[in-house]
Amino acid sequence: MFNCEACGGVLIKRTSYLSHQHLRHDTYVCDNPVCSASYTGHTELTAIASPSGMPNARPSDLPEAPAYTRNLALKAYREAQADQQLDLLDSQLATADH
Ligand SMILES: [Zn+2]
């Protein structure tokens, strides 16, 4: 929610349109009838933060957010750690057998 910089009234979104798949333009009007200042702005999707879980999902056109790369690296690291722990468990079980 935004507030009017002139009077502090609540800005109400009046119109909104997509100019691009990832870019939306908005017009806001102050809800104070005496003021009724209006403002324009935009909302933009700038990066993909985590991949879609949908099977056969279309790849994103957006760049990957820093969190995206970090999440993938963390997932790979945890999988590697889990594999090492299983290997360790296997070797301990093998030792215990003898
Ligand atoms: Zn206002």
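Keep in mind it's a predicted model, so treat the numbers as computed, not measured. (Residues numbered from 1 in each chain as written. Predicted model: local features only at pLDDT ≥ 70, side-chain atom pairs only at ≥ 80, totals over all residues. Heavy atoms only, no water.)

In this section: the UniProt feature "domain: C2H2-type" (unreviewed entry) in the protein. Those places that UniProt annotates as "domain: C2H2-type" (unreviewed entry) correspond, in this numbering, to residues 4-25. For residues 4-25, helix accounts for 0% and strand for 59%, while the C-alpha atoms at its two ends are 18 Å apart. (UniProt positions renumbered as here; feature names shortened; annotations may be inferred. Helix = DSSP H or I, 4+ residues; strand = E, 2+ residues; numbered from the N terminus.)

Time to look at the pairing of strand S1 (residues 11-20). As paired strands, S1 and strand S2 (residues 23-30) are joined by eight bridges and run antiparallel to one another. Bridging from a neighbouring strand, leucine 11 pairs with cysteine 30 of S2. Between the end of S1 and the start of S2, which pair antiparallel, lie two residues. (Pairing = 2+ DSSP bridges.)

As a further point, take the pattern of salt bridges. Across all of its chains, the model carries two salt bridges by this definition. The partner of lysine 13 in a salt bridge is aspartate 26, and the shortest N-O contact between them spans 3.6 Å. With lysine 13 in strand S1 and aspartate 26 in strand S2, the pair connects residues that are 13 residues apart, well separated along the chain. On the basis of relative accessibility, which here comes to 41%, the residue lysine 13 falls in the partly exposed class. In this structure, aspartate 61 and arginine 58 form a salt bridge, with 3.4 Å as the shortest nitrogen-oxygen distance. Pair check on accessibility: aspartate 61 and arginine 58 agree, each one exposed. (Salt bridge = Lys/Arg side-chain N within 4 Å of Asp/Glu carboxyl O. Buried < 20%, exposed > 50% of the residue type's maximum accessible area, 1.4 Å probe, protein only.)

We now examine the environment of histidine 42. Within the secondary structure, histidine 42 is located in strand S3 (residues 38-44). Of the residues examined, histidine 42 reaches a relative accessible area of 54% and is grouped as exposed. The spacing of histidine 42 and arginine 58 is 16 residues in sequence and 25 Å in space, taken between C-alpha atoms. Setting aside residues no more than four positions away along its own chain, histidine 42 makes contact with Leu23, Arg24, His25 and Asp26. (Contact = heavy atoms within 4.5 Å.)

So, about the coordination of the zinc ion. Here the zinc ion is held by the protein donor atoms Cys4 (SG), Cys7 (SG), Cys30 (SG) and Cys35 (SG), which lie 2.3 to 2.4 Å from it. Geometry at the zinc ion is tetrahedral, judged from its four donor atoms and the angles of 92 to 115° they form at the metal. Mapping the donors of the zinc ion onto the primary sequence yields the spacing C-x2-C-x22-C-x4-C. One end of the pair, cysteine 7, is in the segment before S1; the other, cysteine 30, is in strand S2, with 23 residues separating them in the sequence. (Donors = N, O, S within 2.8 Å, 3.2 Å for Na, K, Ca; no water. Tetrahedral: all angles 85-135°; square planar, octahedral: opposite > 155°, others 65-115°.)

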